[in-house]
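# Survey of secondary and tertiary structure
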Amino acid sequence: MALVPMSRLLTHARQHAYAVGYFESWNMESMLGVIDAAEQMESPVIIGFNGGFIGHEDRIVTENIYYYAGLGRAVASHANVPVAFIFNEADNVPLLVKALKAGFNVIMHDHESCTFEESIEVNKYLVGIAHAQDAEVEAEIGLLPAVDMATNTMTAGENTDPDEAEDFVRQTDVDALAIAVGNVHMLEGQKKSSLYMDLVETLSKKVSVPLVLHGGTGVDEHDLKEAIKLGIAKVNVGTILRRTFIDALKGYYLSREVDTLDPNDVTSKGGEMDMLVFARRAITGEVIRMMNLFGSIKKASLFT
Ligand code: 13P
């Protein structure tokens, strides 16, 4: 299978009562760790990068979005499972348009600093451009609280209003809608976010496009499974993959005398001593664990 429209993946997920994971990457190893998991588990998957991070004004090296797009397109087109490829959560509209040109087949605007009306205008504009080139748009109504681990603080969120969500989708024609229903961005550790199931159920009846749950790292597992039964078709996972990568590298360094090893073995040859393979495999393990929760394992073969 190659690159497919995300809406096809999400419709299939609803028909077969599972959710497709979006497992966010930041470099080649992290993306390969994700696709390895999808191939091994025969699971549909959404790969991609965070547009807010890639386009962040504080970056100290200049990024070329075409490099990221080229990698994702190559991974998707050589995969044996169906794959969609998203440029996620960017507030820079010209960059989102560039992402479409570069080869992402889904984009998502970060609406945090917009009013409802502004978000409608931006998304109408993006949908017009995306649909003209067989690409798609995800949007969000409501706002997730977000944890800042460094300062141990959490920003305020706002639950999705069902009438607003219905109206927004009708006016913009977006292809998928992310909702705020108790989920929290970047929530690590023991404390888990509980979901408002009544709100998930109401939204899933009112909104005509597939629903997306961001903040997959911190959602209570039982609630996650229930929400998928009620209509969540896509779950976004980010922070836990970055943590897994960091922990794998930390473990690697703590258990080896790196200064005595051949740098070619440590970084390049892909064997047991390669720290990048070590981290890639750790990501694969975590993605498989999440795919199990989402119920997407072995679903690729049902995809026609
Ligand atoms: P987490 O980092 O909380 O898993 O959220 C990821 C996300 O929602 C990306 O859009």
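Presented here is a report on the structure given in the accompanying data block. (Residues numbered from 1 in each chain as written. Predicted model: local features only at pLDDT ≥ 70, side-chain atom pairs only at ≥ 80, totals over all residues. Heavy atoms only, no water.)

### Thoughts on the overall build of the chain
- Along its length, the chain carries twelve helices and ten strands.
- Its C-alpha atoms give the chain a radius of gyration of 19 Å, within 12% of the compact-globule value 19 Å for 304 residues.
- Expressed along its principal axes, the backbone C-alpha trace of the chain runs to roughly 60 × 45 × 40 Å.
- Considering the chain as a whole, with its 304 residues, one finds that 52% of them fall into the buried category.
- Restricting to contacts in the chain with at least 6 residues of sequence separation, those with at least 24 account for 70%. (Helix = DSSP H or I, 4+ residues; strand = E, 2+ residues; numbered from the N terminus. Rg over C-alpha atoms; globule rule 2.2 N^0.38 Å. Buried < 20%, exposed > 50% of the residue type's maximum accessible area, 1.4 Å probe, protein only. Contact = heavy atoms within 4.5 Å.)

### Describing the sheet that holds strand S9 (residues 211–213)
- An order of S1-S2-S3-S4-S5-S8-S9-S10 is seen for the eight strands of this closed barrel, with the pairing classed as parallel. On average, adjacent strands in this sheet sit at an angle of 30° to one another, irrespective of strand direction.
- In the sheet, strand S4 (residues 106–109) pairs with strand S5 (residues 136–141) via three bridges, with the strands oriented parallel. If you follow Val-106 over to S5, its bridge partner there is Glu-136. (Pairing = 2+ DSSP bridges. Axes fitted to C-alpha atoms, helices over the stretch in contact; angles between N-to-C directions.)

### With respect to the nonpolar core
- Ranked by internal contacts, the top residues of the largest apolar core, which has 81 residues, are Phe-23, Phe-87, Leu-177 and Phe-294.
- Excluding residues that lie within four positions of it along the chain, Phe-23 makes contacts with Val-34, Val-45, Ile-46, Ile-47, Gly-48, Val-237, Leu-241, Val-287, Met-290, Met-291 and Phe-294.
- In terms of nonpolar packing, the next biggest core, distinct from the first, is built from 18 residues, Ala-13, Tyr-22, Met-108 and Val-212 among them. (Core = buried A, V, L, I, M, F, W, Y, C linked by side-chain atoms within 4.5 Å.)

### Topic: the packing of aromatic side chains
- Following the criterion strictly, the structure yields nine aromatic pairs and no others.
- Ring geometry for Phe-85 and Phe-104: centres 4.1 Å apart, planes at 20°, overall stacked. Remark: Phe-104 occurs in the loop between helix H5 (93–102) and S4 and Phe-85 occurs in strand S3 (residues 83–90); sequence separation between them is 19 residues.
- Accessibility expressed as a relative area gives 0% for Phe-85, which makes it buried. (Phe/Tyr/Trp six-rings, centres within 6.5 Å; stacked < 30°, edge-to-face > 60°.)

### Regarding helix H10 (residues 239–255)
- Spanning 17 residues, H10 covers 24 Å between terminal C-alpha atoms, matching the ideal 24 Å at 1.5 Å per step.
- Here H10 has its buried residues at Thr-239, Ile-240, Leu-241, Arg-242, Thr-244, Phe-245, Ala-248, Leu-249 and Tyr-252. (Expected span 1.5 Å × (residues − 1).)

### Thoughts on the packing of helix H4 (residues 65–78) against H5
- Remark: H4 packs on H5, axes separated minimally by 9 Å, with the N-to-C direction vectors making an angle of 45°. One way to sum up the angle between H4 and H5 is to call them oblique. When you trace H4 past H5, the crossing you get is right-handed. Touching Ile-65, Tyr-66 and Ala-69 of H4 are Leu-95, Lys-98, Ala-99, Lys-101 and Ala-102, all from H5.
- Tallied by class, the residues present in the contact of H4 with H5 amount to six nonpolar, no polar and two charged. (Parallel < 35°, antiparallel > 145°, perpendicular 65-115°, else oblique. Left-handed = near helix turned anticlockwise from the far one by under 90°. Nonpolar A, V, L, I, M, F, W, Y, C, P; charged D, E, K, R; others polar.)

### Some words on the pattern of salt bridges
- Tallying each qualifying case throughout the model produces 16 salt bridges.
- Put simply, Glu-188 and Arg-243 hold a salt bridge, and the shortest N to O gap is 2.7 Å. Of the two residues, Glu-188 is situated in the loop between strand S8 (176–179) and helix H8 (197–206) and Arg-243 in helix H10; the sequence distance between them amounts to 55 residues.
- Between Glu-226 and Lys-229 there is a salt bridge, and its shortest N-O distance comes to 3.0 Å. You can see Glu-226 and its partner Lys-229 sitting in helix H9 (residues 221–230), three residues apart, about one turn around the helix.
- On the basis of relative accessible area, Glu-226 is assigned to the partly exposed category, the value being 27%. (Salt bridge = Lys/Arg side-chain N within 4 Å of Asp/Glu carboxyl O.)

### Quick word on the site of the ligand
- Around the ligand, a shell composed of Asn-88, Glu-89, His-185, Met-186, His-214, Gly-215, Gly-216, Thr-217, Asn-236, Val-237, Gly-238 and Thr-239 is seen.
- His-214 places a polar side-chain atom, nitrogen or oxygen, 3.0 Å from an oxygen atom of the ligand.
- One of the side-chain N or O atoms of Thr-217 is found 2.5 Å from an oxygen atom in the ligand.
- Protein chains bury 98% of the 300 Å² of accessible surface belonging to the ligand in isolation.
- Elements with a contribution of two residues or more to the shell around the ligand: S3 and strand S10 (232–237). (Near = heavy atom within 4 Å. Polar contact = N/O pair within 3.5 Å; in protein donor to acceptor, adjacent residues only side chain to side chain. Areas by Shrake-Rupley, 256 points an atom, 1.4 Å probe, with all protein chains shown as cover.)

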